[in-house]
Amino acid sequence: MDSRRPPFVDSAAGALLDADGRIVRWTREAERLLSLPADEVCGRPVRELLADPAGWDTLLAGHRTARAAERTAGPPAERAAERPADTWSGTAVLRSGRGGHLGVVFQVLPLADTTAGEPAAARYFVLAAPARLVTQWRQDQAFTRELFLQDRVGLAVFDDQLRLVRTNTHLLPYTGLPPDLTGRRLGDFLQAEDAEAVERQLREVLRTGRPLVISGELVRTIEAPRSGAAMAISAFRLQTADGQVIGVTALFTDVTALHRSGERLAVLHRATAAVGGSLSVTGTAEDLAAVLVPGLADLAVVDVAEAVFTGEEPAPGRDGRLPLRRTAVTGATELLTDAEASPGAGPDTVAVAVAFDDTEGAATATDPTATAPAPTTMTAPLRARGSLLGRVTVHRAAGRIAYEPADLDLLHEIAARAALALDNARRYTREHRAAVSLQRSLLPPAQTETAAVTTASVYLPTDTAGGVGGDWFDVIPLSSARVALVAGDVVGHGLEASATMGRLRTAVRTLADLDLEPDELLVHLDDLVCQLLIEADEPEDEGEWPTGHRTGPFGATCVYAVYDPVSRRCAMASAGHPPPAVAAPDGTVEYVPVRPGPPLGVSGLPFEATEVELAPGSVLALYTDGLILGYGGDLDEGLAELRRRMARPGAAEAPLPELGRELVDDHPAHRLADDVTLLLARTRAVPPEATAAWSLEADPAAVARVRESATERLRAWGLEDLVFTTELVLSELVTNAIRYAGGPVQVRLIRAERLTCEVSDPSATQPRMRRARLTDEGGRGLYLVAQLTNRWGSRYTRNGKTIWAEQELP
């Protein structure tokens, strides 16, 4: 069957009529169409086949009216050429042999014998087809014709080799197409990758017969590779009635506007997510510039006010100019204009004029050197909470589609959201600087050096954003060249834990100044924590403290150690804290068998001190549980890993800062489960020849003897300059001990960083300096000691007390 023939041709019925309208011949198609055999209809008037025979006159009247209209439609020659005389068509309803009616469209063709000179038609041939099929065919023809004439949807018919057979005039809605596309392939005028993407889909339609619907495919011509259109493509396979595939038809709908709206929305979503992920001013600016390229621009430049970097609120100077720092540049830097590439105010800054709108309370920025912006450049201010924080400028390279008003609206929306993130970063910067200052004021220097130890420390807070935490360490010089080493861990993180840590550190230093034993010091510290817990549980006074500003409940652990370089003994006590580790000079590592008491704040339970002897050069490690948990999460595994690292060859002699970094090397700050604090102390010893000790009975004559012995020792040490003051100090302290405490009295001199004079007696009564009146005969001894020495004090011992005084060495 010819695919170009109308589908109703095979169903058309034919009949031959004589001049009187009687049926002479009746075709088989007529028999099938009306279910009437030829022998029943031949010889009968055709009008009897009408469902309403009375309608015959109506058909004839319609025929005559049509003929009259044709006579006036044009010149006779044209009318004669159109069709033979008395040719006419119409519609009718016929009776069917099945007892029903059938609507048909018919055409009457006169058959005149012109060779016989007949003046009129002798016979007529009538063709009739079902009205339904004819109407459908006419609709199909009109649809196809109008589809190729319309210009809203691009239409293309491809053969089975994907060569263009037919298109409408608006296949693709932009220039860059050849005038005649017949016989061409998409790759002849489209970018290779774009043509291949579309043809790959069309080949799949040819192979499977499944219709294709693509929501958006970028289509760019060879002449304009940087521009293009987003096309929604629908395709279906073409095949003959017998199933032979002859091609594919594709419809191209321009969805560029919708596609660009989707792209703008995607850029907005990415920008919202990107700029809110950092509390760094520089990081926020870099994230903003990165998210704009290439989605919205080929080059993005972000300038931020100088004051923002220090946490201050930016304000213009008296000249109305606000200094900006070039903070982030992403993309093709060759697109920078001369004014942007050379700011004039320095390599990293550019000055712009700022005008404040008093009526709206907003700020806008204008560049006095800038000209009218090109359609490939846009600038939006970064404004938040009424303050101008900077500006963002985007550029597109030549060849890309120029910016539209919707793009400018998008840039303003992104700039508004980025400005809020930038202002949050500014506020955080201000608070972070304050927090860091607080933290630095609460912790000692990272490295210290005393006569007893040299120390190095590492502190890694979990709160990497705020830089503060609840762990602490301390190195506290004590009397007689001793030193106290402290490590503690407050429950929680952030400023609240840091504030609590500061209170506990201050309390430890205060208690250490009393020269208490480690276990006794922890008892007093535990009492303090219990008092703080009671205060935290008390109801808030809303008139004084807004709700939520009171410090919540807390707890802490602590280890306190005192090392004496003279005896090389170290006494320590623990309140729920991990045991200290000791690396001996020979490389062996052991944990001090300290018996940990309860954490601070439990109250009612005792603490026990442990004393060990440390060889000179030993490394004592005090740490918090964050260090050992950071090795893998298990305490036993963490302790084993710490021992292994400290026992590596050369660790005992390595510089303490280097060893500390090695011990925390695989503790990344962003993955810490708890704050990490590590205090390393390498022990020293005061040699025996640097000390001198005498035991005296309670005899006033012993004062002179000990004074003479001390003078000889000072001269042997080369400290003649300190002989006079030392004699006065010893005379006063020994005399008071003999007079008020009795014997025996122990006297010791220690030459370390300072010269220390100690006098020990069996009395537990602490001396007290007082101001003597003019009439008093005594009471001036301790006042003289305080004036002649740099520092003095007393401490309790197991057998009484010790009064000490220190003098700086010449």
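On a predicted model such as this, the values are computed, not experimentally measured, just so you know.

### A few points about the sheet that holds strand β29 (residues 745-751)
Pairing is antiparallel across the open sheet formed by 5 strands, whose spatial order is β28-β29-β30-β32-β31. Either end of the sheet is taken by a strand with one partner, and the two such strands are β28 (691-696) and β31 (791-797). For this sheet, the mean inter-axis angle between neighbouring strands, taken without regard to orientation, is 15°. The strands that helix α16 (residues 702-716) touches are β28, β29 and β30 (754-761); relative to β28, the one it contacts most, it runs at about 170°.

### A closer look at the sheet that holds strand β10 (residues 245-254)
What the 5 strands build is an open sheet, ordered β7-β6-β10-β9-β8; its pairing is antiparallel. Whereas interior strands pair on both sides, the edge strands pair on one side only; in this sheet they are β7 (164-167) and β8 (212-219). Neighbour to neighbour, the strand axes of the sheet diverge by 25° on average, direction disregarded. The pairing of β8 with strand β9 (residues 229-239) spans 6 bridges and is classified as antiparallel. Pairing of leucine 218 across the sheet is with alanine 230, part of β9.

### Thoughts on the pattern of salt bridges
Evaluation of the coordinates by the stated rule reveals 39 salt bridges. Ionic pairing is found between arginine 44 and glutamate 48, a salt bridge with its closest N-O pair at 3.0 Å. Given the relative accessible area of 26%, arginine 44 is considered partly exposed. Measuring nitrogen to oxygen at the nearest pair gives 3.1 Å for the salt bridge that ties aspartate 159 to arginine 163. A relative accessible area of 15% means that aspartate 159 is categorised as buried. Within the structure, one salt-bridge network assembled from shared partners comprises Arg185, Glu196, Glu199, Arg200 and Arg203.

### Brief notes about the nonpolar core
Grouped together as the largest cluster of nonpolar side chains are 51 residues, with contacts concentrated most on Trp472, Leu485, Leu522, Leu525 and Tyr560. Ignoring any residue separated from it by four or fewer positions in sequence, one finds leucine 522 in contact with Cys558, Tyr560, Ala573, Ser574, Ala575, Leu600 and Phe607. With 40 residues, the next largest nonpolar core counts Ala289, Leu322, Val392 and Leu411 among its residues.

### Quick word on the confidence of the model for the chain
Averaged over every residue, the pLDDT of the chain is 82; residues scoring 70 or more account for 83%. Of the regions scoring below 50 in pLDDT, residues 77-84 engages in 6 contacts with residues more than four places distant in sequence or in other chains. This model gives residues 545-551 a pLDDT under 50, and the stretch forms 14 contacts once residues within four places in sequence are excluded.

Calculation rules
Residues numbered from 1 in each chain as written. Predicted model: local features only at pLDDT ≥ 70, side-chain atom pairs only at ≥ 80, totals over all residues. Heavy atoms only, no water. Pairing = 2+ DSSP bridges. Helix = DSSP H or I, 4+ residues; strand = E, 2+ residues; numbered from the N terminus. Axes fitted to C-alpha atoms, helices over the stretch in contact; angles between N-to-C directions. Contact = heavy atoms within 4.5 Å. Salt bridge = Lys/Arg side-chain N within 4 Å of Asp/Glu carboxyl O. Buried < 20%, exposed > 50% of the residue type's maximum accessible area, 1.4 Å probe, protein only. Core = buried A, V, L, I, M, F, W, Y, C linked by side-chain atoms within 4.5 Å. pLDDT = per-residue confidence, 0-100.

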